[in-house]
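Okay, here's what each chain looks like letter by letter:
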Amino acid sequence: FCLSVSANDFTWWLGILAILGVVCAHLGLNLFDDYFDYRKKKSGYREELVHEGFRARIGKCPYLTSGQATLSQLLQACIVFCGIAVVLGTVIWYFRGVMIIYIAAVTAILGLFYSAPPLRLSYHGFGELLIGLIFGPLHMLGVYYASCGELNETILLISVPVGLLVMNIVYIHSILDFIPDKKIGKRTLAVLLNNTTSMLVVLFFILFLPYAIIAYGIIAGYMSS
């Protein structure tokens, strides 16, 4: 949003709508992840793994396991948040054209099938990659385009490092949950690597590649230092 301020057709309120749309879509898809995960395994499997001596994060879906909310109420919340995102996206589409629909549609499909059947992409080694793609290029290009109606090399070069840094958060979690994920058949990137040395090499790569991309952008003149 800030990078788009200097563009010729910058429209602040469309940029704000885009940010609000991303927030609502994020909330909705995050809750959909809880919804589909809970339906697939319930939440008890994490506690069972801990009792068996495996380390596992057990804070998944506490509002469901405590009885504060039902699965039906969770689904309703998912639909409401995603519905708001669709309405905001429709307004942006009216003023900016079909490009914003393409970006939003790809984001929605990848975000939903991150954990939704039949694809369940996060269970087949694509979870970290999808998170990096959604939270970097797709979100940032979408907000930038909504704000000023154009795309350029600078926003692309900045969005990829941001996506990699967010991807790194998910990847570290997959390393922490390596044993329980492997036991239940969830093929995260860490499970696919299945080797401590390989995990550390990939971690080093994901950590330092963003800075290399930014350095290239400065040297090539696409962005200032």
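Scroll up to find the structure this text is about.
**Comments concerning the overall build of the protein chain**
- Per the secondary structure count, the protein chain includes 10 helices and zero strands.
- If you list the helices and strands of the protein chain from N to C, you get α-α-α-α-α-α-α-α-α-α.
- In terms of overall size, the protein chain behaves like a compact globule, its C-alpha atoms giving a radius of gyration of 19 Å where 225 residues would be expected to give roughly 17 Å.
- Judged by the C-alpha coordinates and their principal axes, the protein chain covers about 60 × 45 × 25 Å.

**Comments concerning the packing of aromatic side chains**
- Applying the stated rule across the entire model yields seven aromatic pairs.
- Aromatic pair Trp-13 and Phe-95: ring centres 5.1 Å apart, planes at 90°, arrangement edge-to-face. Linking Trp-13 in helix α1 (residues 12–41) with Phe-95 in helix α4 (residues 71–96), this pair joins segments that are 82 residues apart in sequence.
- Note on Phe-204 and Phe-208: the rings are 4.5 Å apart at their centroids and 40° apart in plane angle, and the pair reads as tilted. With Phe-204 and Phe-208 both in helix α10 (residues 196–219), this residue pair falls four residues apart, about one helical turn.
- Here Phe-204 falls in the exposed class, since its relative accessible area comes to 53%.

**Focus on the nonpolar core**
- One finds Tyr-171, Phe-178 and Met-199 to be the most contacted residues of the largest nonpolar core, which totals 13 residues.
- By size, the runner-up hydrophobic cluster in this structure holds 12 residues, among which are Tyr-35, Tyr-38, Cys-78 and Cys-82.

**Re helix α7 (residues 153–176)**
- In this model, α7 (24 residues) spans 35 Å end to end at C-alpha, consistent with the 34 Å of a helix rising 1.5 Å per residue.
- Among the residues making up α7, those that are buried are Ile-155, Leu-157, Ser-159, Pro-161, Gly-163, Leu-164, Met-167, Asn-168, Tyr-171 and Ser-174.
- The inward-facing, buried residues of α7 abut α6 (127–148), α8 (178–184), α9 (189–193) and α10.
- Its side-chain oxygen 3.1 Å from the backbone nitrogen of Thr-154, Asn-152 forms the N-cap of α7.

**Thoughts on the pattern of salt bridges**
- For the coordinates displayed, the defined rule picks out one salt bridge.
- A salt bridge links Asp-9 to Arg-96; the nearest nitrogen and oxygen atoms lie 2.6 Å apart. Of this pair, Asp-9 sits in the segment before α1 while Arg-96 sits in helix α4, and the two are 87 residues apart along the sequence.
- Relative accessible area serves as the criterion here: at 42%, Asp-9 is assigned to the partly exposed category.

Analysis parameters
Per chain, residues are indexed from 1 in the order of the written sequence. The predicted nature of this model means local features are confined to residues of pLDDT at least 70 and side-chain atom pairs, given and counted, to a pLDDT of 80 or more, with totals for whole chains, interfaces and linings taken over all residues. Computation of side-chain values: all heavy atoms of the structure, hydrogens and water removed. Secondary structure elements are taken from DSSP: a helix is a run of H or I of four residues or more, a strand is a run of E of two residues or more, and numbering for both begins at the N terminus. We compute the radius of gyration from the C-alpha atoms alone; for a globule the expected value is 2.2 Å times N to the 0.38, where N is the number of residues. Pairing of aromatic rings covers Phe, Tyr and Trp, the last through its six-membered ring, and needs centres within 6.5 Å; plane angles under 30 degrees mean stacked, over 60 mean edge-to-face, and all others mean tilted. With a 1.4 Å probe rolled over the protein chains alone, any residue whose accessible area is under 20% of its type maximum counts as buried; one over 50% counts as exposed, and the rest are partly exposed. For this analysis, a nonpolar core means a set of buried residues of the types Ala, Val, Leu, Ile, Met, Phe, Trp, Tyr and Cys, connected via side-chain atoms within 4.5 Å. An expected span of 1.5 Å times one less than the residue number is assigned to each helix. We call two residues contacting when some pair of their heavy atoms lies within 4.5 Å. As used in this structure description, the phrase polar contact means that two N or O atoms lie within 3.5 Å; if the pair is within protein, one of them must be able to donate a hydrogen and the other to accept it, and residues adjacent in sequence are counted only when both atoms belong to side chains. Take a side-chain nitrogen of Lys or Arg and a carboxyl oxygen of Asp or Glu: if they are within 4 Å of each other, that pair is a salt bridge.

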